[in-house]
Amino acid sequence: MSSDNCAADSAQATSAWTSKRRDFLRMMGYGAGAAALGPMLAACGSSNAQSTTEALRAELVKDEAFWSSVQGMFVLNPQKTFMNIGTAGSMPTVVLDEFSSLNRAKAVDCLNGYSNLLDLRKAAAPGFGVDPDELAFSANTSSGMCHAILGIDWEPGDVVVTTNHEHGGGDTPLKIATNRYGIEVSRIPMPVGNNQTAATYVNLFDERIRALKAQGKRVRAMMWSSPTYKTGTMLPIADLMTVVKAHQLISIVDGAHLPGMMAYNYADLGMDFMSGAGHKWQCGPGSTGILVVRNKIRASNPLPLPKWYPIHTSSYSDLERTTNGTATYDIAATITSCGSVHTPMFASLVRACAMWDELGRKKVETYDLALSAYLKEKIVERWGIASLYAPKDDPKLVSALTSFNPFQNKDDVMNSQKSSQFVARMASDYPQGFQIRNSNFPVIGAAAEHYGVRLSTHLWHDATDVDLVVDAMWDLSKKMA
């Protein structure tokens, strides 16, 4: 094909694109000049090799079904721009309709909810790479963390190594286990900013565990958030699992933001527990969560399954857990079954999961991360690289949560009142009504906690939304200087 024909075909295709798709192409090429049409134009004879990420992006740009599906999925208030999915998502119209019809059917026939929801678990499990006996439904991430942590057969003196950037959903059951069972918690101070890599976290956990063992401590488990809700840093699960296996530990992941954002295969990752939200990025109803529990031995994690007891259930098996690749019993049924559950909620969650499966979870992840990368680059343009709390350059550490210091006077980020005022004014002072949030966290070497501003980018956003929010934040930062 000649370069003239290629250009003509590209122009003809572009003329039919939605604004979202054009904005996505703009994000792909941001900062790299005109030649950054890259992946899309590679089919026109480019000799540059494409990375896996570039290939995925190129595929996504050409995917007509994806772009037609994401248009108009949601019923969001057009007077506001919702960029706090890390706190709560929005059910798509088809999920809302299903939720409504199932609630009405439940009322019409006085239906009960005595079930372990096996049919729903069978439908949802493949999208997360696990078997139905390993995917349980919980009330939310915090509920799942309680199931995971408080069901383990702790002994006095057991040590859990974790971080100082954890959510209360994990910290609270750790505190209960400390008081009830006599465990100890060792916290690693978390780095912030762009100057970190996946190896940073492997070394931090490995060195802490080795130091504790040298003191005669019995380290029993590792717990961490991927990503942290405070900064959006994606602690690298696969890399940290090498530490888990080297020290033969129990692995507990607070994955509140993973379902619906990242396209992870949890069987391949091999953690013992991953607790995620159904109502955030997965856009299911409130009071829904997804708890993945390792229930058989695989090559991804050949360690014995930890002894575990249910803490909130109306179903119990006293069978020993398997020592091979075949489950002894359905542990997810034990967790999911607790009296009469509200079946329309979980059926609607599974409908949202099916939508993501149909869209392609990897395509959703690629879109979300491209938006986040674009946002980070725009922030760096205005505020500088030092303003970022989460890294942008190591692909293993990125998520669709972006946290940074928006203030002209950098010390103002330690002023909780000023940070809260910034968030409130982003909603009130600009016609787009930007809904964002802040979060407080310790920073190594800082005189006080930082109150960074956090933004979430998801399917209902595009590059124009990012441009507008960055312009508004820059304007506000100058007004508040």
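Up top is the structure.
Described in the following lines is the structure provided in the data block. (Residues numbered from 1 in each chain as written. Predicted model: local features only at pLDDT ≥ 70, side-chain atom pairs only at ≥ 80, totals over all residues. Heavy atoms only, no water.)

### Observations concerning the sheet that holds strand S9 (residues 401-404)
Short version of the rule: For two strands to be treated as a pair, DSSP must find at least two bridges joining them. Runs of E in the DSSP output that reach at least two residues are strands. Runs of H or I that reach at least four are helices, and both are numbered from the N terminus. A fitted line through C-alpha atoms represents every axis, and for helices the fit uses only the stretch in contact; the resulting angles, taken between N-to-C directions, go from 0 to 180 degrees. Any two residues whose heavy atoms approach within 4.5 Å are treated as being in contact.
As summarised here, the arrangement of the three strands in space is S9-S12-S11, forming an open sheet in which the pairing is antiparallel. Unpaired on one side and paired on the other, S9 and strand S11 (437-441) mark the two borders of the sheet. Sheet twist, expressed as the mean angle between neighbouring strand axes with direction ignored, is 35°. Examined bridge by bridge, S9 and strand S12 (residues 450-456) share four bridges and lie antiparallel to one another. Its bridge partner being in S12, Ser-403 is matched across the sheet by Arg-454. Its contacts with the sheet put helix H15 (residues 361-383) on S9 and S12, and the angle it makes with S9 is roughly 15°.

### Describing empty space enclosed by the protein
Note the threshold: A cavity here means a set of points on a 1 Å grid, drawn over the protein atoms and nothing else, where a 1.4 Å probe fits but cannot get out; a pocket is an open set with protein on both sides within 12 Å along at least five of seven lines, and a residue lines either one if it has an atom within 4 Å of a point. Grid points are joined across faces, edges and corners, and a volume is the space filled by probe spheres set on the points. Residue polarity is assigned by list, with Asp, Glu, Lys and Arg as charged and Ala, Val, Leu, Ile, Met, Phe, Trp, Tyr, Cys and Pro as nonpolar; anything else, Gly included, falls into the polar class.
For the structure shown, the criterion picks out one cavity of 30 Å³ or more. The space that makes up the largest cavity amounts to roughly 70 Å³. For the lining of the largest cavity, the per-class residue count stands at six nonpolar, two polar and four charged.

### Overview of the nonpolar core
Inclusion rule: We define a nonpolar core as any set of buried Ala, Val, Leu, Ile, Met, Phe, Trp, Tyr and Cys residues linked to one another through side-chain atoms lying within 4.5 Å. Type-normalised accessible area, obtained with a 1.4 Å probe on protein chains alone, sets the label of each residue: buried when under 20%, exposed when over 50%, and partly exposed for intermediate values.
Counting 108 residues, the largest nonpolar core has Met-222, Trp-224 and Met-426 as the members making the most contacts within it. Ranked by the residues each element gives to this core, the list is headed by helix H14 (residues 343-359), at ten residues. Among all residues touching Met-222, those that are not within four sequence positions of it are Val-161, Phe-205, Ile-209, Leu-240, Val-243, Val-244, Leu-249, Ile-250, Ser-251 and Ile-252. Within the second largest apolar cluster, 23 residues are counted, among which are Ala-221, Leu-291, Val-293 and Trp-308.

### Here we look at the packing of helix H6 (residues 93-108) against H14
Heads up, the condition is: Any angle that is under 35 degrees is reported as roughly parallel, and any over 145 degrees as roughly antiparallel; angles of 65 to 115 degrees are reported as roughly perpendicular and all others as oblique. By the definition used in this description, the sense in which the near helix is turned from the far one sets the handedness, with an anticlockwise turn below a right angle giving left-handed and a clockwise turn giving right-handed.
Contact geometry for H6 and H14: axes closest at 9 Å, N-to-C directions at 155°. Judged by the inter-axis angle, H6 sits roughly antiparallel to H14. As for the relative orientation of H6 and H14, their crossing is right-handed in sense. Residue-level contacts link Val-94, Val-95, Glu-98, Phe-99, Leu-102, Asn-103 and Lys-106 of H6 to Thr-343, Pro-344, Met-345, Ala-347, Ser-348, Arg-351, Ala-352 and Met-355 of H14. Looking at the contact of H6 with H14 residue by residue, the classes come out as nine nonpolar, three polar and three charged.

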